[in-house]
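Each chain, written out:
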Amino acid sequence: CATRPTALSTSYRCYCLNIPDNGVSLPGLAQTCPPARCFTAMGCAMRSKLFVPGARPELFAKALAGDADALSFDLEDSVPEAGKAQARAAVSAFLDDAALAASPKCVIVRTNAPDSPHFAADLSALVHARVDLLNIPKLETTDQVQAIAAQLDALEAAAGLARPISLLLNIE
């Protein structure tokens, strides 16, 4: 993992990179991130991850009851354009669920791409103490990563979060 200090003075944001085999990279950030290292730093173990479409809130409780160590709620590819706001609201509401709050599962949310009209609303809705990782797709530059981290710093400070949300970066 690559880390950097955040606005939360004693915390560090962890950057985990998903890099395709086509040679794409983001100069300036670490090129690999063993998942166990990121999750150990956050206090979660991830041996298995269940992907849950954000547009299917009827599956959220069932996914939580399953055996997977991590739940990854998708707001991007699994959600039709017309349903983006509704899926975002459903995932955001589920983050307040008492059963989720009591669960040791690692919670990941895959946002829409940074250049999409949905990204700013995704970030605002997902800055929540129960989110362990934000999975950011379709990144191309370190400037994008730094801008997202700065946005998160401000949103986390405004929300009073005690620890920063880590980032799972998809280089596509």
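Preceding block: the structure.
Scoring rules and cut-offs
- Residues numbered from 1 in each chain as written.
- Predicted model: local features only at pLDDT ≥ 70, side-chain atom pairs only at ≥ 80, totals over all residues.
- Heavy atoms only, no water.
- Helix = DSSP H or I, 4+ residues; strand = E, 2+ residues; numbered from the N terminus.
- Buried < 20%, exposed > 50% of the residue type's maximum accessible area, 1.4 Å probe, protein only.
- Contact = heavy atoms within 4.5 Å.
- Areas by Shrake-Rupley, 256 points an atom, 1.4 Å probe, with all protein chains shown as cover.
- Salt bridge = Lys/Arg side-chain N within 4 Å of Asp/Glu carboxyl O.
- Phe/Tyr/Trp six-rings, centres within 6.5 Å; stacked < 30°, edge-to-face > 60°.
- Core = buried A, V, L, I, M, F, W, Y, C linked by side-chain atoms within 4.5 Å.

1. Some details on the overall build of the protein chain
Assigned secondary structure in the protein chain consists of six helices and seven strands. Secondary structure elements of the protein chain occur, N-terminal to C-terminal, as β-β-α-β-α-β-α-α-β-α-β-α-β. In the protein chain, buried positions account for 48% of the 172 residues. Across the protein chain, contacts joining residues at least 24 apart in sequence account for 69% of those joining residues at least 6 apart. Accessible area of the protein chain: about 8100 Å², with a carbon and sulfur share of 56%.

2. So, the side chain of Arg88
On the secondary structure map, Arg88 appears in helix α3 (residues 84-94). Once residues lying within four places of it in the same chain are set aside, the contact partners of Arg88 are Leu75, His118, Ala121, Asp122 and Ala125.

3. A few points about the pattern of salt bridges
This structure, assessed with the given rule, holds nine salt bridges. Put simply, Arg110 and Glu76 hold a salt bridge, and the shortest N to O gap is 2.6 Å. Of this pair, Arg110 sits in strand β5 (residues 106-110) while Glu76 sits in the loop between β4 (70-74) and α3, placing them 34 residues apart in sequence. On the accessibility criterion, Glu76 (6% relative accessible area) is buried. The closest approach of N and O atoms between Arg163 and Asp132, which form a salt bridge, is 2.8 Å. Note that Arg163 is positioned in the loop between α6 (142-159) and β7 (166-171) and Asp132 in the loop between α5 (119-126) and β6 (133-139), a separation of 31 residues in sequence. Linked through salt bridges whose partners overlap, the residues forming this network are Asp74, Glu76, Asp77, Arg110 and Lys138.

4. Overview of unusual backbone geometry
Phi angles above zero are rare outside glycine, and Lys138 is one such case at about 60°. Its place among the elements puts Lys138 in strand β6. Judged by its relative accessible area of 35%, Lys138 is partly exposed.

5. A few points about the packing of aromatic side chains
Enumeration over the complete set of coordinates arrives at three aromatic pairs. Arranged with centres 5.0 Å apart and planes meeting at 75°, the rings of Phe60 and Phe73 form a pair that is edge-to-face. On the criterion of sequence distance, the pair formed by Phe60 in helix α2 (residues 60-65) and Phe73 in strand β4 is long-range, its members being 13 residues apart. A relative accessible area of 1% places Phe73 in the buried class. Ring geometry for Phe60 and Phe94: centres 5.2 Å apart, planes at 55°, overall tilted.

6. Notes on the nonpolar core
Of all hydrophobic cores here, the largest spans 32 residues; its most connected members are Phe73, Val109, Leu134 and Ile136. Elements represented by at least two residues in this core include exactly α2, β4, α3, β5, α5, β6, α6 and β7. Not counting residues within four places of it along the chain, the set of residues in contact with Ile136 comprises Thr111, Pro114, Phe119, Ile148, Leu167, Leu168, Leu169 and Asn170. Residues Ala70, Cys106, Ile108 and Leu168 belong to the second largest nonpolar core, which totals five residues.

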